[in-house]
Amino acid sequence: MSIPNHILEQLNSQADLISIIGKHTTLKRAGSEYKGCCPFHGEKSPSFYVNPQKNIYHCFGCSVGGNAISFLRDYENLTFIEAVNELSKQTGIEVPKEEQQNVSYQRRTPKPIAPPPVHNVPSPTIEHSKVNQDGANQDGTNQDNYRNNYQKNRQDSHQNNVAQNDQNYIDQPNYNDNQGYDDAQGYDNFPPLEAYESASYSMDSYPSEPYSSNHADDGGYPPVWLTDNDASMASIDQNADQDGNLYELLEQIQQFYQHNLHTHPHAKQYFLSRGLTEETFETFGLGYAPFGWQHLEYQFPQDIEGLKALGLVRQSESGRDYDLLRDRVIFPIRDNQGRTIGFGGRALDDEVKPKYINSSDSPVFHKQHVLYGYYESRQQRANDWLVVEGYMDVIALYQAGIYGAVASMGTAINESQISRLLTLNPTLTLSFDGDSAGQKAAWRTLEVALPVLADDKELRFLTLPNNHDPDTFIKSHGSDAMREQISQAMPLSQYIFAYLSERYDMSLAEGKAKLMSQVRSLTTALPKGSSFRYLLNNDVYQKLGGRRSQNVEAKDALLDFDGDMTISQQLQLCFLFQPRALIDDPIESIWQQSGINGLHLPAHIKQKASADTLRPLAWEDLQDAALLDIVSTIKRCLNYLPKDANAAAHFILSNVKPATQEMLSRNWGGFYKALTARNILGLDGLIEELVSQLLERNMKKKIQELIKNPDHIKLAIVRKQTQLLNDWLRAQQAEQSAQMVTVQS
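Here's a quick rundown of the structure. (Residues numbered from 1 in each chain as written. Predicted model: local features only at pLDDT ≥ 70, side-chain atom pairs only at ≥ 80, totals over all residues. Heavy atoms only, no water.)

### Some words on the overall build of the chain
The condition is simple: In this text, helices come from DSSP runs of H or I with a minimum length of four residues, and strands from runs of E with a minimum of two, each type numbered from the N-terminal end. Categorising residues by exposure relies on relative accessible area from a 1.4 Å probe, with only protein chains included: less than 20% of the type maximum marks a residue as buried, more than 50% marks it as exposed, and the intermediate range marks it as partly exposed. Contact definition: two residues touch when any of their heavy atoms are within 4.5 Å. Only the protein chains shown count as covering a residue, and every accessible area follows the Shrake-Rupley method with a 1.4 Å probe.
Each helix and strand in the chain was counted, giving 33 helices and 18 strands. Here the chain, with 745 residues, has 50% of them falling under the buried criterion. Contacts in the chain between residues far apart in sequence, at least 24 positions, make up 73% of those at least 6 positions apart. Of the roughly 35200 Å² that the chain leaves accessible, carbon and sulfur atoms contribute 47%.

### Section: the pairing of strand β2 (residues 33–36)
Consecutive side chains of a regular strand alternate in pointing toward one face of the sheet and then the other. Filter applied, for reference: For two strands to pair, DSSP has to find at least two bridges joining them.
Here β2 shows a clear split, with Tyr34 and Gly36 buried on one side and none of Glu33 and Lys35 buried on the other. Looking at chain direction, strand β1 (residues 28–30) and β2 are connected through three bridges and run antiparallel. In the sheet register, Lys28 faces β2, and the bridge partner there is Lys35. The antiparallel hairpin formed by β1 and β2 contains two residues in its connecting segment, where Gly31 sits at a positive phi of about 70 degrees.

### A word on the pattern of salt bridges
To keep things clear, this is the line we draw: Within this document, salt bridges are pairs made up of a side-chain nitrogen of Lys or Arg and a carboxyl oxygen of Asp or Glu, the two lying within 4 Å of each other.
Counted according to the given criterion, the structure contains 15 salt bridges. Between Asp321 and Lys308 there is a salt bridge whose closest N-O contact spans 3.3 Å. Here Asp321 is found in strand β10 (residues 321–323), whereas its partner Lys308 is found in helix α14 (residues 304–309), with 13 residues between them in sequence. On the basis of relative accessibility, which here comes to 13%, the residue Asp321 falls in the buried class. Put simply, Glu9, Asp335 and Arg339 are held in one network by salt bridges that share partners.

### With respect to helix α31 (residues 658–677)
So the rule is basically this: Multiplying 1.5 Å by the residue count of a helix minus one yields the expected span of that helix.
Along its 20 residues, α31 runs 29 Å from first to last C-alpha, staying within 8% of the 28 Å computed at 1.5 Å per residue. For α31, the full list of buried residues reads Thr660, Met663, Leu664, Asn667, Trp668, Phe671, Ala674 and Leu675.

### Observations regarding the sheet that holds strand β18 (residues 490–491)
In plain terms, the rule: Angles shown run from 0 to 180 degrees and are taken between the N-to-C directions of axes, each axis being a line fitted to C-alpha atoms and, for helices, limited to the stretch in contact.
Across the sheet, five strands lie side by side as β15-β14-β16-β17-β18; this open sheet has mixed pairing. With one partner strand each, in any of the chains shown, β15 (405–407) and β18 form the two edges of the open sheet. Across two bridges, the pairing between strand β17 (residues 458–462) and β18 is antiparallel. Looking at the pairing, Phe461 lines up with Met490 of β18. Against the sheet, helix α17 (residues 415–424) touches β14 (385–388), β15, β16 (427–431) and β17, its axis set at about 130 degrees to β16.

### Describing the state of the cysteines
Heads up, the condition is: When two cysteine sulfur atoms are found within 2.5 Å, that pair is recorded as a disulfide.
Within the structure shown, the criterion is met by zero disulfides. With no disulfide partner, Cys62 has as its closest neighbouring cysteine sulfur the one in Cys59, 3.7 Å distant. Residue classification places Cys62 among the partly exposed residues on the basis of a relative accessible area of 33%.

This is the structure in structure tokens:
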């Protein structure tokens, strides 16, 4: 069986070579490569390198080297066909059963075709998505009537349009859209042909002929078959009936589109209005597909078979050929080697549907295995990878110096693509729009990623504020703000809970049970032996516990903020964040919950004990001046505090003593940011825990003092109180442990 070379190239470039070789030897990152001991020969010091950019390996000890297919053949002893089939399973790239499916096609002698319309007309602004009233066929079969009336309409419109100037292009609207892709099988809702005649444009802005002599040196402008001389026709005859190459044809088409961008001001103005620079045009090869139902056939008359193989020329129901991409700005799609393999086209008018069209799958383009922007990011040695929704998001991030953004080709990103990105960096961020469609896409991606999410891999989710996408956010706030947003992306565990808690009623036990059931179902998709499975289940279960879960989150935030603060200082900041926790005094609450207030004492001790010994502890008993200051101030100001937590904190700070104010002011900003970043609304559990620790320390200290200065009655009472407090604290810990066991089971 003969397998086309382009299929073998795709299999080798898309294979997860790190994972394949990693089954047989330990590989560790070494700069942009991976390094380990060679699996082909015994060695103690690693000299075996894998390059994930080129997807090849080489050993400097025994000189073995190759790609994914060669490794499967040489090390795992698979036959060539077995290695190819194995990679086909891993990557999803189908190996063609018919041997003739390859990148070659038969070039033909062109048939005489009428030249395209005389003028390059800018994008119309009226009635774009409506069909002709006379029932014009959308596939181009009504072109004959259009051409018959072309000159008459041109003369009528010219009288009104000749006074227009290039201002038409300066005043183009500011395009701002959510990216989306649709691989249309036809071209529905194409604007009526007469709309182009009535559109306002400047006759002086364009040359008198569509392909002027100035273009003669630009990759085929004009098509040689239109020059009507013996030399050119001889050239065509000489090249006709020879095999063409799809990659070469795609490169020529890309140059054709790119040239058109610079000769059609209205198309170029679209990209300029989106903030793109000339350098970006060149980097991504941006272009424009002009008007005309058959402009590719005019330009490449010998390559009709190749154009059809690429899906760029299609046939209508009436049997007429037409171009898929017309009057659209063009985004060339490149493979991992930087070769053009397809095109995406965006309509210049938002009313035209579909807004985006991708060229269809072909022998060289399989959209499920291509990530837009991957090649450009690898050229910049990107380290941090970000999956976004649209072409313009990728380009805007790249232009802002944020490399590593990629987008799928209108289909959901698949497992092998996620695995590849996680190989390049163990942390992958997903940025999707905040609307319903965007969040559904994010959730689908999460489900796809779980099977390859080993314990050393991490998935993070970024939803930009105010319905921004990366493109619009960068324009509004700049690249530094975008980097800050990426760095604060939400971890997978938090995203799962946030997403599901919006879909179930968390006030009902039934809603919590449904959420927990879905989380358990999700975690079964994680790799075998995953520690994250237990930890995620437990984390969500704790969150469903309300107060106790917030306690864990708040405690983690406090430790992350400043682990060197004393318990008293931590408690002071907690009271500053939640001053209303002092409405019901925490010490009195703990005294009651632990049963100390109902302490049963022997009659002889109770008779001899003073009233002061039996009363609950007060804040004054803790002998902490700063803590007493903050508690007293809050109790005094409770009725006057603003509702906003930050405003209330500053109100309190303005009323405490200078020494207390200095410490709290120094730490308040960071503490507040740490809590709000984790979306922590309440600190009841943490405050209770901190107060309990202070009470426990105070009572131990009192016992030591009573031992040194004996007072048997007081010592017996304090010991009994301490025992009740410790029993209560152990019961709280046991309850939490029982919850964790329930989750694990």
